[in-house]
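A closer look at the structure
Here is how the chains run, residue by residue.
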Amino acid sequence: MSDCLFCKIVAGEIPAKLVAESDAALAFYDIAPQAPVHVLVIPKVHVTDINEIDGDHPVMDDLIALVQSVVTEEGIKDAGYRLVVNVGVDGQQTVPHLHIHVLGGRRMTWPPG
Ligand code: AMP
Ligand code: ZN
């Protein structure tokens, strides 16, 4: 999608600090980190949100596989971490390209706001 921020990052048109990559997914540091480790994991193809994924779609498998690499590389696997996927208006999704927030490096609070 030509006017999508994260598609532009995938295309290299907007710079991002990359963390890891697979054939189908990309991981890069969030520009406004909310924790010592704050990485976004996105599909390389444009998917707006989880509502767009049908049952046979491998997107989430691809994303989770890259999340596992990221938490290992970032050294937060054993201490624990939080995955967040905001969806739509009530979910406060601000970038309409599916992404998993990987947050770690500090103790999280609950409930989220
Ligand atoms: P969400 O609110 O769940 O849609 O998350 C969007 C995230 O993208 C926010 O945490 C932003 O800080 C982050 N973000 C926005 N623009 C960029 C960018 N150019 N590079 C990296 N992260 C970004
Ligand atoms: Zn996109």
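Residue numbers restart at each chain and count upward from 1, following the sequence in its written direction. Chain letters and ligand numbers both follow the written order, the letters beginning at A and the numbers at 1. Owing to the predicted nature of the model, reporting of local features is limited to residues with pLDDT of at least 70; listing and counting of side-chain atom pairs is limited to 80 or more, with chain, interface and lining totals taken over all residues. Side-chain figures throughout are based on the complete set of non-hydrogen atoms in the structure, without hydrogens or water.

Let's talk about the site of ligand 1
Here is the rule we go by: Whether a residue is near a molecule or strand is decided by its heavy atoms; if any one of them lies within 4 Å of it, the residue is near. For this analysis, a polar contact is any N or O atom pair within 3.5 Å, provided that within protein one partner can donate a hydrogen and the other can accept it, and provided that sequence-adjacent residues contribute only side-chain to side-chain pairs. Accessible surface area values rest on a Shrake-Rupley calculation with a 1.4 Å probe, where residue burial reflects the displayed protein chains alone. Helix and strand definitions here come from DSSP, where helices need a minimum of 4 consecutive H or I residues and strands a minimum of 2 consecutive E residues; each element is numbered from the N-terminal end. Amino acids outside the nonpolar list (Ala, Val, Leu, Ile, Met, Phe, Trp, Tyr, Cys, Pro) and the charged list (Asp, Glu, Lys, Arg) are all regarded as polar, and Gly is one of them.
Every one of the 16 residues lining ligand 1 counts as a neighbour, but Asp-30, Asn-86, Thr-94, His-99 and His-101 are closest to it. Residue Thr-94 places a main-chain N or O atom 2.7 Å away from an oxygen atom belonging to ligand 1. A distance of 2.8 Å separates an oxygen atom of ligand 1 from a polar atom in the side chain of His-101. Protein coverage of the free-state accessible area of ligand 1, which is 510 Å², stands at 83%. Counting residues per element, the ones that place at least two in the shell around ligand 1 are α1 (5-11) and β2 (25-29). Sort the elements by how many residues they give to the shell around ligand 1 and α1 lands first, with three residues. Among the residues forming the shell around ligand 1, the class breakdown is nine nonpolar, six polar and one charged.

Side note on unusual backbone geometry
Spelled out, the test is: Working definition: with a 1.4 Å probe on protein chains only, accessible area under 20% of the residue-type maximum means buried, over 50% means exposed, and in between means partly exposed.
The linkage connecting Trp-110 with the following residue, Pro-111, adopts the cis geometry, with an omega of 5°. With respect to the element layout, Pro-111 can be found in the segment after β5 (100-104). Unlike most non-glycine residues, Gln-92 shows phi in positive territory, near 60°. If you trace the backbone, Gln-92 turns up in the loop between β4 (81-84) and β5. Look at Gln-92 and you get exposed, because its relative accessible area is 60%.

Considering the sheet that holds β4
Worth spelling out the cut-off: By the convention used here, strands pair only if DSSP detects at least 2 bridges between them. Axes, fitted as lines to C-alpha atoms, cover a helix only where it is in contact. Angles between the N-to-C directions of the axes lie from 0 to 180 degrees. We call two residues in contact whenever any of their non-hydrogen atoms come within 4.5 Å of each other.
The strand order across the open sheet built from five strands is β1-β2-β3-β5-β4, with neighbouring strands paired in antiparallel fashion. Single-partner strands in this sheet number two, and they are β1 (18-21) and β4. Mean inter-strand twist for the sheet, computed between neighbouring axes without regard to direction, equals 20°. Here β2 pairs with strand β3 (residues 37-43) via five bridges, running antiparallel. Bridge pairing in β3 links Tyr-29 to Val-39. Along the sheet, helix α2 (residues 59-73) makes contact with β1, β2, β3, β4 and β5, crossing β3 at roughly 155°.

A short note on the environment of Leu-26
Summarising the element assignment, Leu-26 is placed in strand β2. The spatial distance from the C-alpha of Leu-26 to the C-alpha of Val-10 is 7.3 Å, given a sequence separation of 16 residues. Residues within four places of Leu-26 in sequence aside, it is in contact with Ile-9, Val-10, Leu-18, Ala-20, Glu-21, Leu-40, Val-41, Ile-42, Lys-44 and Leu-66.

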